[in-house]
Each structure stands twice: as C-alpha cells, then as structure tokens.
Amino acid sequence: MNAVSEIDDLTRAARYAADGVAAGARSAIDALAWLDASIQDDRAAVRFDEWGASTVMDENTGTAVIPRALFEELHRRAGLKATWPIGNAGLLHCYGYLLSLERTPYGLKRDRWIGDELADAYGLGAGAFLPWRAGATLLERATTAASALLVDPAVERPIAIDGRATRAALSAASGPAALVYAVAPAPGSAPLMVTTFPVSDARAILAEVDAEHRIRWNAV
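Residues numbered from 1 in each chain as written. Predicted model: local features only at pLDDT ≥ 70, side-chain atom pairs only at ≥ 80, totals over all residues. Heavy atoms only, no water.

(A) Examining the packing of aromatic side chains more closely. The final tally for this structure, using the stated rule, is 6 aromatic pairs. Seen in terms of ring centroids, tyrosine 122 and phenylalanine 129 are 5.9 Å apart; in terms of plane orientation they differ by 70 degrees. Their pairing is edge-to-face. Exposure class is identical for tyrosine 122 and phenylalanine 129. Each is buried. Chaining the aromatic ring pairs together yields one cluster made of Trp113, Tyr122 and Phe129. (Phe/Tyr/Trp six-rings, centres within 6.5 Å; stacked < 30°, edge-to-face > 60°. Buried < 20%, exposed > 50% of the residue type's maximum accessible area, 1.4 Å probe, protein only.)

(B) Representation of the packing of helix H1 (residues 3–17) against helix H2 (residues 22–30). Running from N to C, H1 and H2 cross one another at 165 degrees; their axes reach a closest spacing of 7 Å. As the angle between them shows, H1 and H2 are arranged roughly antiparallel. Like other packed secondary-structure pairs, H1 and H2 cross with a definite hand, here left-handed. Of the residues in H2, those touching H1 at Ala13, Tyr16 and Ala17 are Gly24, Ala25, Ser27 and Ala28. (Axes fitted to C-alpha atoms, helices over the stretch in contact; angles between N-to-C directions. Helix = DSSP H or I, 4+ residues; strand = E, 2+ residues; numbered from the N terminus. Parallel < 35°, antiparallel > 145°, perpendicular 65-115°, else oblique. Left-handed = near helix turned anticlockwise from the far one by under 90°. Contact = heavy atoms within 4.5 Å.)

(C) Fine view of the sheet that holds strand S7 (residues 177–183). Read from one edge of the open sheet, 4 strands run S5-S6-S7-S8, paired in antiparallel fashion. At either end of the open sheet lies a strand with only one pairing partner, and these are strand S5 (155–161) and strand S8 (192–199). For this sheet, the mean inter-axis angle between neighbouring strands, taken without regard to orientation, is 15 degrees. Examined bridge by bridge, S7 and S8 share 7 bridges and lie antiparallel to one another. Residue pairing in the sheet places alanine 182 in a bridge with methionine 193 of S8. Docked against the sheet, helix H8 (residues 138–151) engages strand S6 (164–170), S7 and S8, running at close to 85 degrees with respect to S7. (Pairing = 2+ DSSP bridges.)

(D) Region of the structure containing the side chain of threonine 143. Mapped onto the elements, threonine 143 comes out in helix H8. Within the structure, the side chain of threonine 143 is placed 2.7 Å from the backbone oxygen of leucine 139, a separation counted as a polar contact. Setting aside residues no more than four positions away along its own chain, threonine 143 makes contact with Glu50, Trp51 and Met193. (Polar contact = N/O pair within 3.5 Å; in protein donor to acceptor, adjacent residues only side chain to side chain.)

(E) Spatial organisation of H8. For H8, spanning 14 residues, the distance from its first C-alpha to its last is 20 Å, which sits close to the expected 20 Å at 1.5 Å a residue. Among the residues of H8, those classed as buried are Leu138, Leu139, Arg141, Ala142, Thr143, Ala145, Ala146, Leu149 and Leu150. On its buried face, H8 is in contact with helix H3 (33–44), helix H5 (89–98), helix H6 (111–114), S6, S7 and S8. (Expected span 1.5 Å × (residues − 1).)

(F) Representation of the side chain of arginine 47 in the model. Its place among the elements puts arginine 47 in the loop between H3 and strand S1 (53–55). For arginine 47, a relative accessible area of 13% puts it in the buried group. Leave out the neighbours within four places in its chain, and arginine 47 touches Asp41, Asp42, Thr137, Leu139 and Glu140.

(G) Geometry of the pairing of S6. A large share of S6 lies buried, amounting to 5 of its 7 residues. Here S5 pairs with S6 via 7 bridges, running antiparallel. Bridge pairing links isoleucine 161 to arginine 164 in S6. Between the end of S5 and the start of S6, which pair antiparallel, lie 2 residues, with aspartate 162 showing a positive phi angle near 55 degrees. The antiparallel hairpin formed by S6 and S7 contains 6 residues in its connecting segment, where glycine 175 sits at a positive phi of about 70 degrees.

See below:
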C-alpha cells in the first residue's frame with residue numbers, strides 16, 4: 001500500500017468535510033473505506049468506552065479542529081451521544097484528527113498517527129499507527145499502547161483537580177517521550193484516557209504540569 005497515495009486520499013477526504021455540511025461529512029468518511037470499517041469495528045467491540053470526554057476546540061488556537069457536521073457524523077456512526085463541542089476523546093483524537101485541516105503550533109493533528117514520532121516514543125515499529133493498516137484499528141492500537149503506558153510509566157503526575165483524578169504518564173523522564181493523559185469524568189471515578197501524543201522534552205512537560213494544576217490537552 002502506497003503511503004503517499006493514502007495520505008493524498010486522506011487529505012482529499014478532509015477537504016470534503018471542510019465544507020461544514022452533513023453531505024460533505026458523509027462523503028469524507030465514505031471516501032475512506034477503512035475509516036468507516038474501523039469505526040464500526042470499534043463500536044462493536046465497545047472500545048470507545050475506554051476513553052473520556054474531549055472538546056474539539058483546540059486549547060492553543062481556540063478554534064474547532066473539525067467542523068460540527070463531521071463531529072456529529074462521526075458520533076452517529078460510532079453510536080455515541082455527544083453535544084457539540086464535547087465528544088468522545090477516542091473517536092475525536094483518532095478519527096476526527098485524521099480529517100482535520102486546522103493548523104496548530106505543532107502541525108496538523110493527524111501527524112501523530114501518520115508520522116513515526118509517536119510510534120518511536122512507544123518503542124514500536126515504523127508505521128505502527130498508520131490508520132489504514134490492515135488488522136487492528138487505529139483506536140485499538142492507540143488504546144493498547146496508551147493503556148500499557150498508564151500501567152507502567154517511566155514517570156507520571158497523578159493530580160486531583162476539583163476532586164477529579166488526573167494522570168499524565170510519560171515513557172521517559174527526559175528527552176523525547178510518549179505522553180498519555182487520563183482524566184476521571186467525576187470525583188471518585190477512575191481516570192479515562194483522553195489523549196496520547198509525542199513530546200520532545202519530557203522534563204519540560206513535567207515542569208509545566210507541576211507549575212499549574214488544571215485540566216489540559218482538550219480534556220473536559
């Protein structure tokens with residue numbers, strides 16, 4: 001399978017969704033046979049329940065990373081209830097980010113899955129998170145890697161914020177690392193995964209988390 005061709009197809013599909021209307025959102029997902037198949041597989045396996053809530057409003061830019069119509073179509077296909085702009089973090093951060101054309105200070109949201117930086121930080125092989133790979137879905141692979149890191153992090157910061165448990169777990173205490181962030185939906189409940197992404201300086205991230213205790217990285 002040609003990665004360049006697949007990336008071109010992904011960009012083309014994202015442009016369909018960028019028009020912000022329901023038909024464009026449907027066309028975007030339908031244009032990628034593996035995407036709808038992945039969502040249906042994850043829905044049947046109830047994988048979305050392992051993830052918490054996230055807003056599509058990026059904390060760096062203050063803008064939505066995907067249009068509302070796409071947000072609603074993704075949740076409809078996943079069989080999940082959501083009220084804009086807050087939805088399921090696994091659905092949004094895996095599949096929604098793939099169809100996002102919004103630029104952030106760290107590039108496109110899809111880069112974590114398309115490139116190898118996150119896979120390398122997890123100690124996985126090149127292309128470990130390519131979404132069109134046969135076999136396990138992207139969400140399944142991301143869940144497996146993130147769950148393992150939460151069980152055995154190199155370093156972590158468990159912090160209670162307004163009575164809710166949060167965890168920032170990293171694969172290394174300094175230098176490049178994979179980060180997983182989990183937040184409890186309510187006081188007394190266990191944290192649920194919200195996001196995973198690569199960081200270039202784990203020590204700086206730890207200092208940032210220590211300096212300001214707040215819900216972060218688009219969790220709600």
